[in-house]
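Fold and geometry: a report
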Amino acid sequence: MYENLDKNIEMVIHGLSKTLSCYFAKQNGVENINTFIESALQEGEKMKIFYKEKKSAKNIARIYLRYLDNGKYLPLLCVYDLEKNEIFHADLPQMIDLFALGEIQLNSKKVTIQPRKNIFTEGMKPITYELQKIDHV
């Protein structure tokens, strides 16, 4: 069934677009769905999807998701100042689920991502980065 997926990709995309538009789109959502599908086709694994954010008095931390062809997520952590200038970014480890991406803790010196609290994350350590300004080229 799936061996011919590459040959029938147009049909799959059309079916996906129709299904999302008919059953999941709210007002003006159809245009967003079409834009999203077009972006996915053009960008592939490089496409970033906003997942969550945390604001502090001086910074904003955002996690974006990239979905890889191997079925795993490759999250990207970006930290911005209040003027929306990127001051830090890091690729988080590849993961097959999003249990590791729970609460974001942010201060002026570091950002920590706590795993969600459930049975699957018992013993999982938080992900922590020291904030260092990046050089813009």
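A brief report on the enclosed structure follows. No experiment lies behind these values; they were computed from the predicted model shown.

What follows is about the sheet that holds strand β4 (residues 86–91). One open sheet holds the four strands; their spatial order is β1-β2-β3-β4, and the pairing between them is antiparallel. Strands with a single pairing partner mark the edges of an open sheet, and in this sheet they are β1 (49–55) and β4. Each neighbouring strand pair of the sheet contributes to a mean axis angle of 20 degrees, computed without reference to strand direction.

By the element assignment, threonine 121 lies in the loop between β6 (110–113) and β7 (127–130). For threonine 121, a relative accessible area of 7% puts it in the buried group. Here threonine 121 is in contact with Phe99, Pro115 and Arg116, once residues within four sequence places are set aside.

Attention now goes to the pairing of β6. Strand direction decides the pairing type here: strand β5 (residues 104–106) and β6, joined by three bridges, are antiparallel. Residue pairing across strands places isoleucine 104 opposite isoleucine 113, the latter belonging to β6. Hairpin connection from β5 to β6: three residues lie between these consecutive antiparallel strands. Inspection of the sheet shows β6 paired to β7 by four bridges, in the antiparallel sense. When the bridges of β7 are listed, threonine 112 appears paired with threonine 128.

The end-to-end C-alpha distance of helix α2 (residues 29–43) is 21 Å, a good match for the 21 Å that 15 residues give at a rise of 1.5 Å each. Listed as buried for α2 are Gly29, Ile33 and Ile37. What you see down the axis of α2 is that its buried residues fit within an arc of 75 degrees, all on one side. Pointing more than 90 degrees away from the buried face of α2 are the exposed residues Glu31, Asn32 and Gln42. Buried residues along α2 sit against α1 (9–23). In the segment just after α2, glycine 44 is the residue with positive phi, at about 55 degrees.

Another point: the layout of surface pockets. Here the second largest pocket defines a volume of roughly 240 Å³. Taken together, Phe36, Ala40, Gly44, Glu45, Met47, Ile49, Tyr67, Leu68, Asp69, Gly71 and Tyr73 form the lining of the second largest pocket. Of the residues in the lining of the second largest pocket, the class split is seven nonpolar, two polar and two charged.

Two elements in contact, α1 and α2, have axes whose closest approach is 9 Å; the angle formed by their N-to-C orientations is 150 degrees. Classified by the interaxial angle, the pair formed by α1 and α2 is roughly antiparallel. Two packed elements cross with a definite hand, and for α1 against α2 that hand is right-handed. Residues Ile13, Ser17, Leu20 and Ser21 of α1 form the contact with α2, whose own contacting residues are Val30, Ile33, Asn34, Ile37 and Leu41. In the contact of α1 with α2, the residues fall into six nonpolar, three polar and no charged.

Cut-offs used in this document
- Residues numbered from 1 in each chain as written.
- Predicted model: local features only at pLDDT ≥ 70, side-chain atom pairs only at ≥ 80, totals over all residues.
- Heavy atoms only, no water.
- Pairing = 2+ DSSP bridges.
- Helix = DSSP H or I, 4+ residues; strand = E, 2+ residues; numbered from the N terminus.
- Axes fitted to C-alpha atoms, helices over the stretch in contact; angles between N-to-C directions.
- Buried < 20%, exposed > 50% of the residue type's maximum accessible area, 1.4 Å probe, protein only.
- Contact = heavy atoms within 4.5 Å.
- Expected span 1.5 Å × (residues − 1).
- Arc of directions from axis to C-beta.
- 1 Å grid on protein atoms, 1.4 Å probe; cavity = no way out; pocket = protein on both sides within 12 Å on 5 of 7 lines; lining within 4 Å.
- Points joined across faces, edges and corners; volume = space filled by probe spheres on them.
- Nonpolar A, V, L, I, M, F, W, Y, C, P; charged D, E, K, R; others polar.
- Parallel < 35°, antiparallel > 145°, perpendicular 65-115°, else oblique.
- Left-handed = near helix turned anticlockwise from the far one by under 90°.

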